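# A structural walkthrough
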Amino acid sequence: MPLFVIFIFGAVIIGTGAMLSPALPTSQPRIGLAAALGLGLVMGGSVVWSMLFGWDTLVINYILFALVTSIFLFGTLSYGQKRAEQRGEELLDADQGWTSGRDLLLFALAALIFVIPALILPVPLDTDAQGFGYLALIARLGGSFQTLAPFHPEVSYLYSPGLSLLSAYLSGQLLQTMNNVQFGIAAVLAFILIWLAYDFGSELQDKRLGRAMALAMLIGVGTLTAYMDSHFTTLLGLVFAFAFLIFMLRYLKHHYTVDAIFGGLMLGAVVLSHPDTTIILGLGFAPWLATMWLGKPRPTLRAWLVIALGVPFIALIAVLPWLSTVLPLLGTEIVSPFHRDPSYWTVMIVYHGVIIVPIALLGAVIGLRQRNTAALLAVGWLVLALDFSTTGILPSLLGGLLAPVLRYDYPFSIAWHAPIIPYTILGGIALLWVWDRFFEQRFGVTLHRVAPIALAAACVVLLIGGMLTPQLVEISKDQINFFGAFSSHADVAAMNWLRTNTPEDAIVLNHPAPHEADWVPVIAERNSIYFRPQPFFQGMDAIIAEQERLRAFWDNPADPANADLLRESGVDYVIVPQILTDPNSIETMYRWRAPFTAEFPMQSAVADAPYLELVFDQDGAQVYQVVESSP
């Protein structure tokens, strides 16, 4: 179940961050930053090893063991104390800057926001997790990050391997299905993003700004909408992007070489996590290199050269083993099928909850007046995000120069995900300014006193809301307009039956309607006829032809001729989604749009096929076995 994955993955990564944070040359422990660094070292090291010597789960075991062992052997927990003693100070535990109880309550609230959906939903919402869950399963079963072996070794693909590697590892080690693993990983990643917002504000100014930025990220809801729409690769990339920016901010202020090195590693981790986020980070980083000269602190020429050239060079060295393996695919016809749209500016507003936009605009005015370097970063980032997603002025002017990047861009993703960090930065600046100007003197003492009670009460409200989910879903049926979960709890039970009761080489025929049965191979862990297509797949012609041929079965399952069709294709089992046998079940499902199965009319029911034997049925989610032909 997802809670088990959340507990294990969260305990390891956040626990590592807590133990590693005192070793970083920060004035106070930065647990979110250290957690992102630890995760990046584990993921990046594993990718490098896998590209050079092949994939093995033992690789991550050894890297985790080395990381944790190093933490204890080098006594990182005492580094903060040692640095204080070198300055002639004597710090008590309470003075070392660890997160306060009130802030921990804020983080508990954030954790519940992301954990509750993972515990309630049968599978992640929408379609992205179907596709990346499939790639993770392929990595676990076949050890490949460039082909669909063992199911379809003839198909190659080009995509960042980070999430696939982590999911494959946790699925194999924890014996959990990919839907649970991905949900668990994503919940932890979203939580770390909130902590990184807190760390960014704390590094920029103090913990007051850190709290404001954490609140701004929650108010902005961009992180939540990305999480709920299963953009898990985006969350992974954003974690490393935010960590990269914190290290760059630190290097700009303190000129610590270790910050530049860690920043380079985090930049490399972004590349290994998500191509869209790599482009998105570039849209923020490139203009900042020009505008940081206007901000405070102003960089020295040496610091600017390190940030502009040295850090990207470190990132290039870090990802070189992976780039060398995918180099043959970089010159192929794999290109983004997505295009810019003049309406995407609305995505930058609506998908972030609207209210954060005026707050961020206020933060931009305040930050630019103060010549705040973080505000310069955020404003330039938003301008380019709007241009690359909506208007297209700069891409049209520099089309030839930007062509190698634009062939992989996804304008809708840019409009959705690029504003998350800039809105957080500008929103935090505005929230703290409003607090100081209008509330601190009048209500500060009272609000500080009641804040823990309010946060605890909010946590209780979330828990109650989680328990009332069935009623809330029923109320929301006519109010929400997104797809939802493409498989029900009954469907998941049918897939689990396939995983535990069929041979590993069994072939499963699932429904051809888009997305309706794409969870089958991911959860059943069996080769299925239909699976989530991706624009970066190559060599799909034979598979598509086979899929088209087998649609004849779903036109009329009772036709005896389909028995030979299934046997010739090697099909052993047929799985029928609950929505097909019981259309009324949609009223209790986590779905808000009409199912795609309605677009595939059937002349007969699967139950009418004489060559199929029903072997599993739960509330209409069924599995049939193909009966061997008579001699």
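This section reports on the structure supplied with the text. (Residues numbered from 1 in each chain as written. Predicted model: local features only at pLDDT ≥ 70, side-chain atom pairs only at ≥ 80, totals over all residues. Heavy atoms only, no water.)

What follows concerns helix α22 (residues 469-476). When α22 is considered as a whole, its buried residues turn out to be Thr-469, Val-473 and Ser-476. Looking down the long axis of α22, one finds its buried residues gathered within 70 degrees of arc, a one-sided arrangement. Summarising the geometry of α22, the exposed residues directed more than 90 degrees from the buried face are Pro-470, Glu-474 and Ile-475. The inward-facing, buried residues of α22 abut α5 (101-120) and α21 (420-467). (Buried < 20%, exposed > 50% of the residue type's maximum accessible area, 1.4 Å probe, protein only. Helix = DSSP H or I, 4+ residues; strand = E, 2+ residues; numbered from the N terminus. Arc of directions from axis to C-beta. Contact = heavy atoms within 4.5 Å.)

So, about the packing of aromatic side chains. Scanning all chains against the criterion turns up 35 aromatic pairs. Relative to Phe-412, the ring of Tyr-351 has its centre 5.8 Å away and its plane inclined at 90 degrees; by these criteria the two rings are edge-to-face. With Tyr-351 in the loop between α15 (347-350) and α16 (356-369) and Phe-412 in helix α20 (residues 411-417), the pair connects residues that are 61 residues apart, well separated along the chain. Residue classification places Tyr-351 among the partly exposed residues on the basis of a relative accessible area of 29%. Feature note: the residues Phe-132, Tyr-134, Phe-151, Tyr-157, Tyr-159, Phe-531, Phe-536 and Phe-537 constitute an aromatic cluster, connected by ring pairs. (Phe/Tyr/Trp six-rings, centres within 6.5 Å; stacked < 30°, edge-to-face > 60°.)

On to the pattern of salt bridges, then. Scanning all chains against the criterion turns up 11 salt bridges. Linking Asp-259 and Arg-250 is a salt bridge whose minimum nitrogen-to-oxygen distance equals 3.2 Å. According to the relative accessible area criterion, Asp-259 is buried, its value standing at 0%. Overall, the relative accessible area of 1% leaves Arg-250 in the buried class. Close ionic contact of Arg-591 with Glu-516 constitutes a salt bridge, the shortest N to O distance being 2.7 Å. Here Glu-516 lies in the loop between β3 (507-509) and α24 (520-524) and Arg-591 lies in the loop between α27 (578-581) and β7 (612-618), a separation of 75 residues in the sequence. Look at Glu-516 and you get buried, because its relative accessible area is 3%. Beyond isolated ion pairs, a larger network of salt bridges with shared partners links Arg-30, Glu-203, Arg-250 and Asp-259. (Salt bridge = Lys/Arg side-chain N within 4 Å of Asp/Glu carboxyl O.)

Here α5 crosses helix α8 (residues 178-204) at 155 degrees, and the two axes come no closer than 9 Å. Judged by the angle between their axes, α5 and α8 are roughly antiparallel. Two packed elements cross with a definite hand, and for α5 against α8 that hand is right-handed. On the side of α5, the interface is formed by Asp-103, Leu-104, Phe-107, Ala-110, Ala-111, Phe-114, Pro-117 and Ala-118, while α8 contributes Phe-183, Ala-187, Ala-190, Phe-191, Ile-194, Trp-195 and Tyr-198. Grouping the amino acids of the contact of α5 with α8 by side-chain chemistry returns 14 nonpolar, no polar and 1 charged. (Axes fitted to C-alpha atoms, helices over the stretch in contact; angles between N-to-C directions. Parallel < 35°, antiparallel > 145°, perpendicular 65-115°, else oblique. Left-handed = near helix turned anticlockwise from the far one by under 90°. Nonpolar A, V, L, I, M, F, W, Y, C, P; charged D, E, K, R; others polar.)

Below, the discussion takes up the environment of Lys-207. Along the chain, Lys-207 falls in helix α9 (residues 207-220). For Lys-207 and Phe-65, which are 142 residues apart along the polypeptide, the C-alpha to C-alpha distance reads 32 Å.

Side chains of Leu-362, Trp-433, Phe-438, Phe-439, Phe-443, Leu-447 and Val-450 sit close together on the surface and give an oily, nonpolar patch of about 550 Å² of accessible area. By residue number, the principal contributor to the nonpolar patch is α21, which donates 6 residues. Here Leu-447 is to be found in helix α21. The class of Leu-447 is partly exposed, set by a relative accessible area of 34%. (Patch = residues over 30% accessible without salt bridge, like charges linked within 9 Å, V, L, I, M, F, W, Y side chains within 5 Å. Areas by Shrake-Rupley, 256 points an atom, 1.4 Å probe, with all protein chains shown as cover.)

With that out of the way, let us pick up the packing of helix α2 (residues 31-53) against helix α7 (residues 162-174). Contact geometry of α2 with α7 gives a least axis separation of 10 Å together with a crossing angle of 95 degrees. Accordingly, the angle class assigned to the pair α2 and α7 is roughly perpendicular. Across the interface between the two elements, Leu-39, Met-43, Ser-46, Val-47 and Ser-50 of α2 pack against Gly-162, Leu-165 and Leu-166 of α7. Here the contact of α2 with α7 is composed, by residue class, of 5 nonpolar, 3 polar and no charged.

For the rest of this paragraph, the subject is the sheet that holds β3. With mixed pairing, 5 strands are arranged side by side in an open sheet as β4-β3-β6-β8-β7. Each edge of the open sheet is held by one strand with a lone partner, namely β4 (527-528) and β7. Running over the sheet, helix α25 (residues 541-555) touches β3, β6 (573-576) and β7 and is turned about 65 degrees from β6. (Pairing = 2+ DSSP bridges.)

With respect to the helices, strands and loops of the structure, Pro-521 is situated in helix α24. Pro-521 sits in the buried class, given a relative accessible area of 0%. Once the C-alpha coordinates of Pro-521 and Tyr-134 are considered, the two residues, 387 residues apart in sequence, prove to be 7.0 Å apart. Setting aside anything within four residues of it in sequence, one finds Pro-521 in contact with Tyr-134, Leu-137, Asn-510, Arg-526, Ser-528, Tyr-530 and Phe-531.

With that settled, consider unusual backbone geometry. Following Ala-149, the chain continues to Pro-150 via a peptide bond in cis, the omega torsion being 15 degrees. Residue Pro-297 follows Lys-296 across a cis peptide bond; omega there is 0 degrees. Looking at where Pro-297 falls in the secondary structure, it is placed in the loop between α13 (275-291) and α14 (301-330). A positive phi angle is found at Leu-175, which is not glycine, with a value near 55 degrees. For Leu-175, the location among the structural elements is in the loop between α7 and α8. Residue classification places Leu-175 among the exposed residues on the basis of a relative accessible area of 74%.

Here we come to the pairing of strand β2 (residues 152-157). Both strand β1 (residues 147-148) and β2 contribute to a ladder of 2 bridges, which runs antiparallel. Residue pairing in the sheet places Thr-147 in a bridge with Ser-156 of β2. In this antiparallel pair of consecutive strands, β1 and β2, the connection spans 3 residues. In terms of strand pairing, β2 meets strand β5 (residues 537-538) through 2 bridges, oriented antiparallel. Its bridge partner lying in β5, Tyr-157 is registered against Phe-537.

A separate point is the sheet that holds β5. Spatially, β1-β2-β5 is the arrangement adopted by the 3 strands of the open sheet, whose pairing is antiparallel. Of all strands in the sheet, those bounded by a partner on one side alone are β1 and β5.

Note that every value here comes from positions in space, so none of it alone points to a role or purpose.
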